[in-house]
Amino acid sequence: MHLNSLRDLFEHELHDLYDAERQVIEALPKMEQAASAQELQRAFRKHLEQTRNQRTRLEQVMRQIGVQPNGMKCKGMEGLIREGEELIKERGNPDVKDAALIGAAQKVEHYEMAGYGTARTFARMLGETQAAGMLQQTLDEEGNTDKELTMLAESRINRDAQR
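Please read these numbers as outputs of a predicted model, since none were measured by experiment. (Residues numbered from 1 in each chain as written. Predicted model: local features only at pLDDT ≥ 70, side-chain atom pairs only at ≥ 80, totals over all residues. Heavy atoms only, no water.)

**Section: the pattern of salt bridges**
Part 1 of the argument: Within this structure, the stated rule accounts for 14 salt bridges.
Part 2 of the argument: The partner of Arg 45 in a salt bridge is Glu 32, with the nearest N and O atoms 2.4 Å apart. One end of the pair, Arg 45, is in helix H2 (residues 38-64); the other, Glu 32, is in helix H1 (residues 6-34), and 13 residues separate them in sequence.
Part 3 of the argument: Accessibility expressed as a relative area gives 41% for Arg 45, which makes it partly exposed.
Part 4 of the argument: Linking Arg 57 and Glu 141 is a salt bridge whose minimum nitrogen-to-oxygen distance equals 3.0 Å. Of this pair, Arg 57 sits in helix H2 while Glu 141 sits in helix H5 (residues 129-162), and the two are 84 residues apart along the sequence. Of the two residues examined, Arg 57 and Glu 141, each falls in the buried class. (Salt bridge = Lys/Arg side-chain N within 4 Å of Asp/Glu carboxyl O. Helix = DSSP H or I, 4+ residues; strand = E, 2+ residues; numbered from the N terminus. Buried < 20%, exposed > 50% of the residue type's maximum accessible area, 1.4 Å probe, protein only.)

Below you can see the structure in the form of structure tokens.
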């Protein structure tokens, strides 16, 4: 792929996000299984379903602008997922591991928020208002998930890890 225009860059960002979502879909069941707190397991399960819907929405955006998903690899997400997998393998206190899993999940959320915010801005500049609206919807969902994880961490998980 060549980056000769903002349109090229927009399409590149969409491909990156598409693969990032694929990787998250593969990782969330592992994170759910590794979590010991039922609330955290539920949060990961909920986010998995939401991520599947976000990937479908991203496919719709790509179809609208005439782009087919390709085999591009999102290396940023690959690194974040690898970090999370290393945490899963660590031995230790289950409460502390839950706090670590929340941190890993929030890194993923922040990466996605940066990507969706960038893609949304490009869509607006290119006059792709429907695509921009759909990308904003996903950006809002990612932000809400991040807030939910923060509330879960602050209300119980981090306190349990501190003991």
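**Overview of the side chain of Asp 16**
Part 1 of the argument: Inspection of the secondary structure assignment puts Asp 16 in helix H1.
Part 2 of the argument: We note that Asp 16 is buried and unpaired, the nearest opposite charge coming from Lys 75 at a distance of 9.2 Å.
Part 3 of the argument: A polar contact is formed between the side chain of Asp 16 and the side chain of Tyr 111, at a distance of 3.4 Å.
Part 4 of the argument: Among all residues touching Asp 16, those that are not within four sequence positions of it are Met 72, Lys 73, Cys 74 and Tyr 111. (Lys, Arg positive; Asp, Glu negative; His and termini not counted. Polar contact = N/O pair within 3.5 Å; in protein donor to acceptor, adjacent residues only side chain to side chain. Contact = heavy atoms within 4.5 Å.)

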